[in-house]
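Read off the chains here:
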Amino acid sequence: MRRRPDRLLTRLFLASLIALALMHPDTTAHLAELATGLLLAIVAGIAQAAVAQPEAALLTAGGIYLVHQIRTHRPHARAARAAH
């Protein structure tokens, strides 16, 4: 089976990031701290908004769940042809 070009590009990009991280460990550690802080700030903001408006948070979470289910559970082409 042929490898899709987007996977190849993704793997090349990840390999280059790993090489850069190995060459500059201090900078990598600093970036990891910044990314962790940003992620925690986003989660804290979402949690505060959910406490302030629980109904809106529940509707948003339900919508995200539905979109995720629709995107990840698509029927395969063979199954769709067999159904007709």
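Residues numbered from 1 in each chain as written. Predicted model: local features only at pLDDT ≥ 70, side-chain atom pairs only at ≥ 80, totals over all residues. Heavy atoms only, no water.

Asks: Is there a simple way to explain the overall build of the chain in this structure?
Replies: For the chain, the helix and strand inventory stands at 4 helices and 0 strands. The N-to-C order of helical and strand elements in the chain reads α-α-α-α. Taking all 84 residues of the chain together, the buried fraction comes to 0%. Element-wise, carbon and sulfur atoms account for 70% of the exposed surface of the chain, whose accessible area totals about 8100 Å². (Helix = DSSP H or I, 4+ residues; strand = E, 2+ residues; numbered from the N terminus. Buried < 20%, exposed > 50% of the residue type's maximum accessible area, 1.4 Å probe, protein only. Areas by Shrake-Rupley, 256 points an atom, 1.4 Å probe, with all protein chains shown as cover.)

Asks: What should I look at first to understand a nonpolar patch on the surface in this one?
Replies: On the surface, Phe13, Leu14, Leu17, Leu20 and Met23 cluster together to form a nonpolar patch covering roughly 500 Å² of accessible area. Looking at the secondary structure, you find Met23 in helix H1 (residues 5–23). Given a relative accessible area of 55%, Met23 falls into the exposed group. (Patch = residues over 30% accessible without salt bridge, like charges linked within 9 Å, V, L, I, M, F, W, Y side chains within 5 Å. Salt bridge = Lys/Arg side-chain N within 4 Å of Asp/Glu carboxyl O.)

Asks: Please clarify how the confidence of the model for the chain should be interpreted in this entry.
Replies: For any part of a model where pLDDT is low, the fine detail of the predicted coordinates should not be relied upon. Across the chain, the average pLDDT comes to 88, with 83% of residues at or above 70. Confidence scores differ between elements of the chain, with helix H4 (residues 77–83) showing the lowest mean pLDDT of 62 and helix H2 (residues 25–52) the highest of 95. (pLDDT = per-residue confidence, 0-100.)

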